[in-house]
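# Close look at the chain arrangement
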Amino acid sequence: MRKLSLTLMTLLTMTLASCNNQNNNDGEEIVRLWCQPFTEVETRTWLSESVDEFNKSEVAIENKFKVELTFVSEDAWEQTLKAAQSSHTAPEITVLNYAEVALNSVEGYYTALDEYMSKECFDDLLDNVEELINVSGKHYIYPWFVEPYSILFYRKSAFSKAGLDPNLAPSSWDELYQYAKKLTVDGTYGIAMPNSSQLGWVLWGFLAQDNNSQGYYLLDNDWSKAKVNTPFHQSLFTLFKNMYDEKLTPKVALSSYNEITPLAENYVAMDLGGSWSIGQIKNNYPDILDDIGYAVCPTIDGKNEKQTTAALGGWGMSIDGNATHPSECGKFIEWLLGSGTTNLTTYMKNLGYSKFAARKSIEEALANDENAQNDPFYKFVSKDVLPYAKAEPVYIWEISRKYADALETVTQLNKEVNSTLNQLENELNDLIEAECLSGTNPFNQK
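Residues numbered from 1 in each chain as written. Predicted model: local features only at pLDDT ≥ 70, side-chain atom pairs only at ≥ 80, totals over all residues. Heavy atoms only, no water.

## Looking at the environment of Asn368
In plain terms, the rule: Working definition: helices are DSSP H or I runs of at least four residues, strands are E runs of at least two. Numbering for both runs from the N terminus. Two N or O atoms form a polar contact when they lie within 3.5 Å of each other; inside protein one atom must be a possible hydrogen donor and the other a possible acceptor, and for residues adjacent in sequence the pair counts only when both atoms belong to side chains.
Tracing the backbone shows Asn368 in the loop between helix H17 (360-367) and helix H18 (370-373). A polar atom in the side chain of Asn368 sits 3.2 Å from the backbone oxygen of Glu364.

So this is what it looks like as structure tokens:
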């Protein structure tokens, strides 16, 4: 991410400090909420309208507080939030992805929600979501939705033109490569492979498929060592390298991984994205919806039925560790995300059923929603992807960044695969020792 200048950071800190513990002109307390803008306009609109509705609700009026929503750009998010946390001027509520919270909660950055929200809110969580966010028996984030990635999207017309069955997607990594070769014609690339700054988290979708790792993604279960110079990682690096060496994919990403634009505008014939991609197509490119095919992400051996093919992520709301109004924060989060079903089912409908339930009651409501049940993509993800998706890793970002950097040296700088992975393994083991990571897995997975 781009670095904020020292001057901007200083001004930001002063601004944040000046608005800490605000009151408005009516004597109501102000609870600040920060959120990244998200790619979808519908998400920003829904959240903005929901906050306005809450501020007029009985809950807000009776408890004499209002929520103030601020969208902070993705480019500035990390630096802005860290600056606010270090100066104790962070917003009291923050929208975060699940992977960010576990280790940070141990460090005291976030407050456990359990005493500020009703027990029914947590009893309503789906079992796989409970496992995703429960840290040592406490909840430091309340889920908004879940979304799996990676999913393969493709243009059916491009398949037909290349002599491929438009209803039969590649199932193995080798087939994905072969399809990409056939589809790279007439100025159109065969596939958009993820690269650039997002590569670290994007690769979690591939790494979740490694059923032979017997560990926690790139580390063993107790985080005591890394083992990445294996046939699985060698094959994955080779797949990426072949795609780039043979110019089957753009050397520089045409868009963020969060966007399906390259596929929608015919720059590529296949694209890897998350469940959110179909919502973008439905809302922004409805005319091509019938030409869009989708399938589970290809696996190393082509066995992908009832198998893990995707990582499972999502977003929720956390209360800052130094929040001065934790009770009010809990009331807002429960009102918005933890009670009733209409609010969230409306949101999911607006997003073309590309976000998925974190609560049992929401899932039940969607089971009775004719539009959801007749939506082929919703049924596909619910049946073939979500039940087998693996929760994102929660170890420090530096581990994923080093893995992504190693892959980029192979694809962009033409480095040899095995030696690169051997060096990476040594670097990760050094990092484990330097950061004292051994034995610190907060989920203590077996």
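That covers the picture; the talk isn't over yet.
## A few points about the nonpolar core
Defined as follows: Throughout this description, the term nonpolar core refers to a set of buried Ala, Val, Leu, Ile, Met, Phe, Trp, Tyr and Cys residues connected via side-chain atoms within 4.5 Å. Residue exposure (1.4 Å probe, protein chains only): buried if accessible area is under 20% of the type maximum, exposed if over 50%, otherwise partly exposed. The criterion used for residue contact is that any of the two residues' heavy atoms lie within 4.5 Å.
In terms of nonpolar packing, the biggest core is built from 146 residues, with Trp144, Met270, Met317, Phe332 and Ile333 touching the most fellow members. Sort the elements by how many residues they give to this core and strand E7 (residues 142-155) lands first, with nine residues. Not counting residues within four places of it along the chain, the set of residues in contact with Ile333 comprises Ile93, Leu113, Met117, Tyr142, Met317, Ile319 and Gly338.

## Focus: the packing of helix H9 (residues 173-183) against helix H12 (residues 231-245)
Our working rule: Axis geometry follows a simple rule: fit a line to the C-alpha atoms, using only the stretch in contact for helices, then measure angles between N-to-C directions, giving values from 0 to 180 degrees. With respect to orientation, any angle under 35 degrees is reported as roughly parallel, any angle over 145 as roughly antiparallel, any angle of 65 to 115 as roughly perpendicular, and every other angle as oblique. Under this grouping Gly is polar, as are all residues other than the nonpolar Ala, Val, Leu, Ile, Met, Phe, Trp, Tyr, Cys and Pro and the charged Asp, Glu, Lys and Arg.
Relative to each other, H9 and H12 sit at 5°, their axes nearing to 11 Å. Taken as axis vectors, H9 and H12 run roughly parallel relative to one another. For the pair H9 and H12, the contacting residues are Trp173, Leu176, Tyr177 and Ala180 in the first and Phe232, Ser235, Leu236, Leu239, Asn242 and Met243 in the second. Its residues assigned to classes, the contact of H9 with H12 comprises eight nonpolar, two polar and no charged.

## A word on helix H16 (residues 342-350)
Heads up, the condition is: Arc definition: directions from the helix axis to the C-beta atoms.
Of all the residues in H16, the buried ones are Leu344, Thr345, Tyr347 and Met348. All buried residues of H16 lie within an arc of 155° about the axis, which places them on one face of the element. Looking at the residues trailing H16, positive phi occurs at Gly352, about 65°.

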